[in-house]
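Residue-level structure breakdown
Listed below are the residues making up each chain.
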Amino acid sequence: MAFWYDEAHENDSRFSLSTERVLFEGHSPFQKVTVLETTGWGRVLLIDDLYMTSYRDEFLYHEMLTHPALCTAQNLRRVLIIGGGDGGSAREVLSYKEVEKVVMVEIDELVVEASRRFLPDIGKNAWSDPRLEVIIGDGIAYAKRTDLEPFDVILLDGSDPVGPAQGLFTREFHQGVAQLLADGGTYTLQSESPFGQRPVFLETVKVLRQVFPIVQPYFGCVPIYPTGSWSWTFASKTRDPMVLDERRAAAQEARTQHYNRDIHRGAFALPNALRSELP
Ligand code: SPD
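Just so it is clear, the structure is predicted and the values come from calculations on it, not from any experiment. (Residues numbered from 1 in each chain as written. Predicted model: local features only at pLDDT ≥ 70, side-chain atom pairs only at ≥ 80, totals over all residues. Heavy atoms only, no water.)

1. Quick look at the domain arrangement of the protein chain
One can read the domain layout of the protein chain as domain 1 (3–54) and domain 2 (58–269). Between domain 1 and domain 2, the C-alpha centre-to-centre distance is 22 Å. Considering only the side of domain 1, the residues that lose the most area to domain 2 are F30, M52 and T53, jointly responsible for 24% of the buried surface there. Taken together, the links from domain 1 to domain 2 amount to zero salt bridges. On inspection of domain 1 and its partner domain 2, the count reaches five residue pairs in polar contact (both at pLDDT 80 or more). Secondary structure elements with two or more residues in the side of domain 1 that touches domain 2: β1 (3–9), β2 (13–27), β3 (32–38), β4 (43–47) and β5 (50–54). Class assignment of the residues belonging to the side of domain 1 that touches domain 2 gives a composition of 13 nonpolar, seven polar and three charged. (Domains from an automatic or database assignment. Buried area = accessible area lost by both parts, 1.4 Å probe. Salt bridge = Lys/Arg side-chain N within 4 Å of Asp/Glu carboxyl O. Polar contact = N/O pair within 3.5 Å; in protein donor to acceptor, adjacent residues only side chain to side chain. Helix = DSSP H or I, 4+ residues; strand = E, 2+ residues; numbered from the N terminus. Nonpolar A, V, L, I, M, F, W, Y, C, P; charged D, E, K, R; others polar.)

2. Here's the deal with the packing of aromatic side chains
Tallied over the entire structure, the rule returns ten aromatic pairs. Ring geometry for Y61 against W232: centres 6.2 Å apart, planes inclined by 40°, an arrangement best described as tilted. Placement of the pair is Y61 in helix α1 (residues 58–70) and W232 in strand β12 (residues 229–236), with a sequence separation of 171 residues. W232 matches Y61 in its accessibility class, with the two residues each being buried. Their ring planes at 20° and their centres at 5.8 Å tell us that Y218 and W232 sit as a pair that is stacked. On the criterion of sequence distance, the pair formed by Y218 in strand β11 (residues 214–221) and W232 in strand β12 is long-range, its members being 14 residues apart. (Phe/Tyr/Trp six-rings, centres within 6.5 Å; stacked < 30°, edge-to-face > 60°. Buried < 20%, exposed > 50% of the residue type's maximum accessible area, 1.4 Å probe, protein only.)

3. Notes on the site of the ligand
Every residue close to the ligand is listed here: Y51, M52, Y61, H62, D86, D157, G158, D160, Q190, Y225, P226 and W230. One of the side-chain nitrogen or oxygen atoms of D86 is found 2.5 Å away from a nitrogen atom of the ligand. Here a nitrogen atom of the ligand and a backbone polar atom of G158 are 2.8 Å apart. For the ligand, whose free accessible area comes to 340 Å², the fraction covered by protein is 98%. More than half of the atoms belonging to the ligand lie within 2 Å of the grid points that define the largest pocket. Put simply, the parts of the chain that give the shell around the ligand at least two residues each are β5 and α1. Tallied by class, residues from the shell around the ligand come to six nonpolar, three polar and three charged. (Near = heavy atom within 4 Å. Areas by Shrake-Rupley, 256 points an atom, 1.4 Å probe, with all protein chains shown as cover. 1 Å grid on protein atoms, 1.4 Å probe; cavity = no way out; pocket = protein on both sides within 12 Å on 5 of 7 lines; lining within 4 Å. Sits in = over half its atoms within 2 Å of the grid points.)

4. Side note on empty space enclosed by the protein
In the structure shown here, the tally under the stated rule is one cavity of 30 Å³ or more. Looking at the largest cavity, the residues that line it are Q31, I47, D48, L50, M52, S159, D160 and V162. Here the residues of the lining of the largest cavity sort into four nonpolar, two polar and two charged. (Points joined across faces, edges and corners; volume = space filled by probe spheres on them.)

5. Brief notes about the pairing of β4
For β4, the tally of buried residues reaches four of five residues, placing the bulk of the element in the interior. Direction of pairing for β3 relative to β4: antiparallel, over a ladder of five bridges. Among the inter-strand pairings, V33 is bridged to a residue of β4, identified as I47. The antiparallel hairpin formed by β3 and β4 contains four residues in its connecting segment, where G42 sits at a positive phi of about 65°. Here β4 runs beside β5; their pairing, made up of four bridges, is antiparallel. Following the sheet pairing, L46 is matched in β5 by Y51. (Pairing = 2+ DSSP bridges.)

6. Quick word on the environment of A114
Turning to its location among the elements, A114 is positioned in helix α3 (residues 109–118). Considering only alpha carbons, one finds A114 and F24, 90 residues apart in sequence, at a separation of 7.5 Å. Leave out the neighbours within four places in its chain, and A114 touches F24, V33, V35 and L119. (Contact = heavy atoms within 4.5 Å.)

7. Focus on the nonpolar core
Y51, V79, V93, V102, V153 and W232 are the most contacted members of the largest nonpolar core, which totals 42 residues. The biggest single contributor to this core is α1, with five residues. Looking at which domains feed residues into this core, each of domain 1 (3–54) and domain 2 (58–269) supplies at least three. Among all residues touching V102, those that are not within four sequence positions of it are V79, I81, V93, L94, R131, L132 and E133. Membership of the second largest hydrophobic core comes to 29 residues, among which are L80, V103, L189 and V205. (Core = buried A, V, L, I, M, F, W, Y, C linked by side-chain atoms within 4.5 Å.)

The structure is reproduced here in structure tokens:
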């Protein structure tokens, strides 16, 4: 008998998925990790009872986090993913033949273990790709390291700014990212809902603009996230998000479910209400 599994947010609304069964529930030193079998959204990953990704709509999130950065960076040799323990971002990154090395720094081993076991359709072949190195560790500490070769692309695939992910939304963290990022590099991160979590969204863009000379939010839809209206933000020292590597983007269009060059360009259009509120 199916039952409703709720995500309550902002004390004013909740989003509920019809669930057949709880496939996995575990507690790590950091958070609660749950995998559901739902009736309409396939398998779903939750962290601390917040929806992270689902089989049905994960491509909308992962393609929009990864390809705007990957199709605008000068080079693609070295890519860093902070978070991303379900493997969806790694899968997208590794679809580029130019990528030689992907380092994923995920704080919670339980997220990786649960995803590999219960959500194999998200990470797919990424887990066995020899170009992927998974480091179980703190992304905030990693971003402070000064002994690393710069990365061409950095992706922050974190969860909401509560618990261990809170420090990922700070100026100090973005400064760390900036010192790890190559001059021709690009950085994208999920920046919450511009409608449902507007203060966090605005603050994220504002803080990034204190660190990077080029910062532009972009928008899309991820149905299982609060309000469905979602944002990511692009940052770089030199790269314009509107100048695409046409060859890379065209190659992606042949395999992606959502991302294409029109989506890329349109996603950066700024609605009037946000334009007037952004710094
Ligand atoms: N409200 C959910 C925000 C979660 C963003 N990260 C999801 C991780 C998927 N790889």
